[in-house]
Structures are given as C-alpha cells and as structure tokens.
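# Summary of structural features
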Amino acid sequence: MEKDHRLTPFYTKLLEYANSHTVSHDVPGHKLGQVHNDMMDFTGQQMYKLDANAPRGLDNLNRPTGVIYEAAELMADAFGAEKAYFLTGGTTMGILSMIMSVCRAKEKIILPRNVHKSAINALILSGAVPVFVKPDIDNELGIANHMAFEDVKQAILDNPDAKAVFVINPTYFGVTSDLERIVEFAHEYEMMVIVDEAHGSHFPFSDQLPIGSMAAGADMGSCSLHKTVGSLTQSSILITQGPMVDHIRLRSTINMIQSTSPSSLLMASLDVARKTIYFDGPIEIPKIIEMAEESRRKINLIPGLEAIEKSHFIGRDAFNYDQTKIIVKVSGLGITGFDVYKELFDEHHIQLELAETQIILAVLSIGTTQKDLDALVDALKIVSDKYMPMNLTPIKSKVKYSFPQAYTRPREAYHAPKKYVPLNQAVDEIAAESVMIYPPGIPIVIPGEIISQDILDDLDFYQRSGSMILSDTEGGYIKIIDKEYWEKWSELYADE
Ligand SMILES: Cc1ncc(COP(=O)(O)O)c(C=O)c1O
C-alpha cells in the first residue's frame, strides 16, 4: 500500500503529549520546562515540552511497535529501504552498529583507508581485521576520495573470506565510487555491502544526485539526516534491505550502544525532516544545484581562486559527484584553506564546513539561500583583493598520504600494554591510538599501524597549519605499544 508521507506519526503524538498538561512525575527533571534556565530565555518553554522521555503512547526506541515503528516505516519507504532504524547517536552510531553486527573478531572487512574514525572504532569494538583499499589521492587538491572499482574487485578476489565491503557514499568532499558495480561483485562472493552515507541523505530525493545506497542494491546504509536534510544534529538513520541482514543481531547491537533515554526531540526532527525532504527535495534540490553552479561560475572569475567542477573528479575516474558541495581551491592566493576558513569567519561571519591545506568546502542544502551564496562569493572577492596583490607563492600541500603499514589488528593494539613517547621518538613504533585532524576526522594513523617518518611529517605539517589534531594524547606525545610487555601480556590476555 502506498504510504502517506504527509503523516508524522511520532511528532504528532509528541505534540499531543506536550499540549496535554500531563503532570510529570517522571524524568526528565526539567518537568516539561518547569525548571527555568538561561537557555530557556532563548528557546522558550515549548522546546522543553517536546523533550519527553518515554511516556505512555510515545513508543520505545529499543523495541518500537507504535508511533516510532510507524515513523520508521515511512522513513524506510522514503529511502527505498525495507527497514529503517532511528538513531540518536549520529551515523557514528550507525557505522558502529553496522560493522559490529556483521563482523565477529578476526573476520575481515574491506574498506577504504580514508574512513571516518567511527569505522576504526568499530574495528576495535568488533575485533574485525581491516583490508584497506587505497583511495584516490588527489594531490592537486590535497584530499583523498573514491575507491576505484578495480581495486575493490582485487581486494575481494584476494580476500574471498571477507564478510563485507564498506563504501563511503559520498566522501566528505562529495565524490562517489561505483557503488552499483561494487554491490554486484561483492554479492557474487556473498559479501554484504555496508554504506557510510553520512553525507548522502539527500541522494534519494533528486535524480540529479549520485545514486543512494538502497537504489544501488547495498544491504545497509547509515545516513546523517542532520548533515544535509535538516533534522537536528546527531539524528541519523540506519536503513537496510535484502536477505543478508540479520535483524536480530542488528537490533541487539543498536540497543547495546543506544541510550535508554533517546531524545524525543531528535526522533521528532527525523520524522518531520523526512516529510519535508520527501515533498520539497525533488523540487528544491535541482534549484540548489543550479545556484551552486552559478556560484562556481562567479568564483572562477575571482583571481587566485578555482571552484572545482564535477568534471575534475570524473577526470580522476570518480563515479559521480554531489554538486551541492562547493569546493574552492584557494592555494593560488598564497594562503592555506585553513587561513581562508578563519578569515571568512572572523571578518565575514561565514562558517564553512571545513578547510584543507589547498581548499575550502561549503556544504549546501535545501535551506541555503541565494543571499547566503552571494555572501560567500562577495567575501571571497574581498579575500582575493587582499592577498592577490601580495604576490605570495602558491601553497602546495606537503601531506604525503602514504598510508601506514598495519602490524596488528586495531583491537589488539588498543588493548595491548602501552607507553607514551614524544612524537619525534615514535618512528617505527606501533601506534596504540588514532590520530586525526578534525574535521574531517579521518585518521592519519590508527591503532596497530607502524608509525613512519612520513606520518610524523604529515602531523607536523597539519600542526603548523593550525588545524585541530585529535588524539587521546596531548602535548606532542603519542601512545604506542610497549613491545617489551606485549608478548607476555598476549599469553595472558589473548582475548579472541
Ligand atoms: C564520512 C563520515 N562518516 C561518518 C560520520 C559520522 O556522522 P555523525 O556526525 O552523524 O555521527 C561523519 C561525520 O562527519 C563523516 O564525515
């Protein structure tokens, strides 16, 4: 039966509850907004009235049978999936759940090396063995993107015992691999295809965008609706189809990492965002793509700047590109993307999604207005007028992207005895922690990999460029495996 996407089952019931003047003798302790605080001066009490825990009639996210179930059915239908799970812990939680429910300890998973840190954490939690595929390294822009189909095919042929192939659709920068072909080939080997669709939630809603995970035949995907569709930050979904998904194992994994008090605000925001993108997406997304195209044309007239076109990525054998992203190469001004990122915020009140050494990235959605894009173009003109006359030497990325060699599984390295050494003494040691710049949160080194001089040079370069380095250890140190005790420890604690 055709679904009625005008309905918002969870939000409607929540609104009914908020307006019902129910006396709250349950949690949350703000008692539907009766505890005044500073934030309430801004939001008003109404927001707190929508922040309910699990009152009667509002269903339970751990085992939905009522309005959450109905809302999830509508979500699945909108995304062309058989089943959808609401998540309140972001696609981070979706990726943990997908990988942990598919891979047991010591089972293999094929994945690109430029995965988000949540995939690395899923390897630690599951104990899976990563088989990394080297992504396309675009030295012209200093970024890593898609996987070549032939490389994935080779990884599958070399590792026919792998349980799954993990694909990013699209990368942070909007670039996609040939997902349909990967699915077809992986399924021949009875491998599941799991998709990180954190940046691709809008794909099913316009034929001018790359293909979505479900349309491509993948088994599971996780989409951050909060990133490109308009729900509240941290709200996300996990979508599935096909006979290979073990829903009992998936549900128990999700429930293992999900709070028992999931936010009703986040769930309601998913419900209403689905309705909006379902009706408005097909109309508004083509307009956004046209506006982005026009902005790229204008930016390309500004001295020192280059707005990157889809043809750039297709020329590098990417399968497709999401044109709602605007990537601008700024290195011709003689300053870094990090500098432009800071200057746009400090001087022009413009917040970008991220910067890399040579580029900046703006992410558009159906909420982006022409005025917002004009502000970006005007500010970039001012930045160009300021720096072009200085005749600075164009910046080149010094990042080597020489992905390190794995010595042991991430889980084993995570649990092994450790010690801390200054970065400059860590060459040839085995990392016991992930180190990354954020955003995008793609680890430069992960637990179990051998720390090379190239890695240390990359970290040093990022540090000097002023980007945010995330790791467990601060102050120029890194956590490594203490080899002296490791062997002894392994005898005692071999965990799988
Ligand atoms: C490629 C990629 N995957 C996954 C995630 C995690 O998504 P979320 O922020 O919804 O937890 C991110 C977040 O930035 C990401 O960039």
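This one's a predicted model, so the numbers in the text were calculated from it and none came from an experiment. (Residues numbered from 1 in each chain as written. Predicted model: local features only at pLDDT ≥ 70, side-chain atom pairs only at ≥ 80, totals over all residues. Heavy atoms only, no water.)

## Topic: the domain arrangement of the protein
If you check the domain split of the protein, you get domain 1 (9-277), domain 2 (282-390) and domain 3 (410-493). In this assembly, 28 residues from domain 1 lie in contact with 27 residues from domain 2. For the domain 1 and domain 2 pair, buried surface summed over both sides reaches about 2,500 Å², with 59% attributable to carbon and sulfur atoms. Area buried by domain 1 at its contact with domain 2 is led by Leu141, Tyr172 and Phe173, which between them contribute 25% of it. (Domains from an automatic or database assignment. Contact = heavy atoms within 4.5 Å. Buried area = accessible area lost by both parts, 1.4 Å probe.)

## Points about the side chain of Arg274
Inspection of the secondary structure puts Arg274 in helix H11 (residues 264-299). Judged by relative accessible area, Arg274 falls into the buried class, the value being 0%. Here the side chain of Arg274 touches His5 through a polar contact of 3.0 Å, landing on its backbone oxygen. Excluding anything up to four places from it in sequence, Arg274 contacts His5, Leu7, Thr8, Pro9, Leu74, Met75 and Ala78. (Helix = DSSP H or I, 4+ residues; strand = E, 2+ residues; numbered from the N terminus. Buried < 20%, exposed > 50% of the residue type's maximum accessible area, 1.4 Å probe, protein only. Polar contact = N/O pair within 3.5 Å; in protein donor to acceptor, adjacent residues only side chain to side chain.)

## Things to note about the packing of aromatic side chains
Tallied over the entire structure, the rule returns 8 aromatic pairs. When the centroid spacing of 5.3 Å and the interplanar angle of 40 degrees are considered together, the rings of Phe185 and Tyr189 count as tilted. The exposure class of Tyr189 is partly exposed, given its relative accessible area of 29%. Grouping aromatic residues by their ring pairs yields a cluster made of Phe149, Phe185 and Tyr189. Residue placement shows Arg113 over the ring face of Phe132; its charged tip is 5.4 Å from the ring centre. (Phe/Tyr/Trp six-rings, centres within 6.5 Å; stacked < 30°, edge-to-face > 60°. Lys NZ or Arg CZ within 6 Å of the ring centre and 35° of its normal.)

## Concerning the packing of helix H7 (residues 149-158) against helix H8 (residues 179-188)
Close contact between H7 and H8 brings their axes to 10 Å; oriented N to C, the two are set at 15 degrees. In terms of their interaxial angle, H7 and H8 are classed as roughly parallel. Note that H7 runs across H8; the crossing there is right-handed. Every residue of H8 that contacts H7 at Phe149, Glu150, Val152, Lys153, Ile156 and Leu157 is listed here: Arg181, Ile182, Phe185 and Ala186. Residues of the contact of H7 with H8, tallied by class, amount to 7 nonpolar, no polar and 3 charged. (Axes fitted to C-alpha atoms, helices over the stretch in contact; angles between N-to-C directions. Parallel < 35°, antiparallel > 145°, perpendicular 65-115°, else oblique. Left-handed = near helix turned anticlockwise from the far one by under 90°. Nonpolar A, V, L, I, M, F, W, Y, C, P; charged D, E, K, R; others polar.)

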